[in-house]
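Summary of structural features
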Amino acid sequence: MPRLTLPDFLRTEANGPILDVRAPVEYAQGHIPGAMSFPLFTDDERARIGTTYKQQSQDKAVLLGLDLFGPRMSQMVKQAGKLASNKQVRVHCWRGGMRSGAVQWLLELAGFKVQLLDKGYKDYRHWALAEFEQPRTMWVLGGLTGSGKTDVLHALAAQGQPMLDLEGLAAHKGSAFGSIGQPEQPTQEQFENELAARLAALPTEAPFWVEDESRGIGRVAVPGGLFEQLRTAPLVVLEIPREVRVSKLADEYGRQDPAALAASVLRIRKRLGGLATKEALAAIGGNDMETMVSLVLDYYDKTYSHGLDGRPFVTVPSDTCDPVVNAGLVLEAARSL
């Protein structure tokens, strides 16, 4: 079976699932979106083979690999059959070398049709990193904390507008409270992989919408090339009254774990100050979410306003956090730019 270039490999969805035959630790660090972990060796076995290669010879490492591979051949064929009932799969390792070649040989021997990625996952990483340097046309949606920007982005998407949800990909809402109620964040590498795939899928004939973000979103960071474009793109800033934002956030936080809220407050205690921190913790203890939110917004409003310095933007006032209403308002403002 001929080896496929990356674009052809990713385009052939009808040719079965993508099986990543690297070790589990490599897969966990980062993988092609949608790929399934189908390791040829365990983490320990991979380490043993690597040590043998370095300390003895390539031949000895190959023999050790064959010793480890042999007993699990039958199991791997059965597992592949469960993953691909039509007996068609796409396979890759790190560089398109011996590991993917061995699995290709085994599965083809068992009657599978196997598509092999020529230069492996390494080629996907090169492509993903290059995606962030591509020039993009975008509209950036800004606004103070509690303005409902993410909700507006999804309302815009429902109206057919191209949209990139960075916080959704990062599994984090961007503030010290951003991890509450969210799943575990991806690794930086996996965040980049998913982000590159999402960028590549966006239409190029029209601008896409994206939320105004700082470089870091929790533990992951927006890649430099894309971040620089985000900071210079046309900026539409929602202006929602403070009392509306306080009410919205108080409702959201009132459904969260008080211990997680307290931990988030303590995370920014140096910036809040001792008195505000003490009052915010007391408010959480008394289930007074509006007071807690109001204290925290004093800090976040100043921080975000400072981040607008030197950036041209158009303001869109609204007296509601209704995402459908605000989507219409920001879209009208963007079209007038």
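Throughout what follows, the structure given in this document is the object of discussion. Just so you know, these numbers come straight off a predicted model, no measurement behind them. For every chain, the first residue of its written sequence is number 1, and the numbers climb from 1 along that sequence. Given that this is a predicted model, residues contribute local features only at a pLDDT of at least 70 and side-chain atom pairs are listed and counted only at 80 or more, while totals for whole chains, interfaces and linings are drawn from all residues. As a convention, hydrogens and water are excluded, and side-chain values are obtained from all of the structure's heavy atoms.

**Remarks on the pattern of salt bridges**
- When a carboxyl oxygen of Asp or Glu lies within 4 Å of a side-chain nitrogen of Lys or Arg, that pair is called a salt bridge. Under the counting rule described, the total for this entry stands at 17 salt bridges.
- Arg99 is the partner of Glu26 in a salt bridge, and the nearest nitrogen-oxygen pair spans 2.9 Å. Here Glu26 is found in helix H2 (residues 24–29), whereas its partner Arg99 is found in helix H6 (residues 98–109), with 73 residues between them in sequence. The burial state of Glu26 is the same as that of Arg99; both residues are buried.
- Among the salt bridges present, the one from Arg219 reaches Glu184, with a minimum N-O distance of 2.8 Å. Placement of Arg219 in the loop between strand E9 (216–217) and strand E10 (220–221) and of Glu184 in the loop between helix H9 (166–170) and helix H10 (188–201) is noted, with a sequence separation of 35 residues between them.
- With a relative accessible area of 64%, Glu184 lands in the exposed category. Strands here are runs of E lasting at least two residues and helices are runs of H or I lasting at least four, both read from the DSSP assignment and numbered beginning at the N terminus. For each residue, the accessible area found with a 1.4 Å probe, counting protein chains only, is set against the maximum for its type, and the residue is called buried under 20%, exposed over 50%, and partly exposed in between.

**Overview of the sheet that holds strand E11 (residues 235–239)**
- A pair of strands is considered paired only if DSSP assigns at least 2 bridges between the two. Sheet architecture is open: five strands sit in the order E7-E8-E6-E11-E12, paired in parallel fashion. The strands lining the two open edges of the sheet, one partner per strand, are strand E7 (163–164) and strand E12 (313–317).
- Judged from the four bridges that link them, strand E6 (residues 138–143) and strand E8 (residues 208–211) form a sheet pairing that is parallel. Pairing of Val140 across the sheet is with Val210, part of E8.
- Across the sheet, helix H8 (residues 149–158) is in contact with E6, E7, E8 and E11; its angle to E8 comes to roughly 165°. Contacts are assigned to residue pairs with any non-hydrogen atoms lying within 4.5 Å of each other. Axis lines are fitted to C-alpha atoms, over the contacting stretch for helices. Their N-to-C directions set the angle, which ranges from 0 to 180 degrees.

**Comments concerning the pairing of E8**
- Residues Phe208 and Val210 point to one face of E8 and Trp209 and Glu211 to the other, with burial holding for every one of them.
- As defined by bridge partners, E7 adjoins E8 across two bridges and the pair is classed as parallel. From the neighbouring strand, Leu164 faces E8, where its bridge partner is Val210.

**Description of helix H12 (residues 242–253)**
- A helix is expected to reach a length of 1.5 Å times the quantity of its residues less one. With twelve residues, H12 extends 16 Å between its outermost C-alpha atoms, agreeing within 8% with the 16 Å of an ideal straight helix rising 1.5 Å per residue.
- Among all positions in H12, only Arg245, Val246, Lys248, Leu249, Ala250 and Tyr253 are buried.
- Considering only its buried residues, H12 is in contact with H8, helix H13 (258–267) and helix H16 (289–307).

**Quick word on helix H17 (residues 323–336)**
- End to end, H17 covers 20 Å across 14 residues, agreeing with the expected 20 Å (1.5 Å per residue, within 8%).
- What H17 keeps buried is the set Asn326, Ala327, Val330, Leu331, Ala333 and Ala334. Projected down its long axis, H17 shows its buried positions confined to an angular sector of 165°, all on one face. Exposed and oriented more than 90 degrees from the buried face of H17 are Val324, Glu332, Arg335 and Ser336.
- Against the buried residues of H17 lie E6, H8, E8, E11 and E12.
- N or O atoms closer than or at 3.5 Å make up a polar contact, with two conditions inside protein: a donor-capable atom paired with an acceptor-capable one, and, for residues adjacent in sequence, both atoms drawn from side chains. Of the residues flanking the start of H17, the one acting as N-cap is Asp322, its side-chain oxygen 2.9 Å from the backbone nitrogen of Val324. For this quantity, the arc is that covered by the directions from the helix axis to the C-beta atoms.

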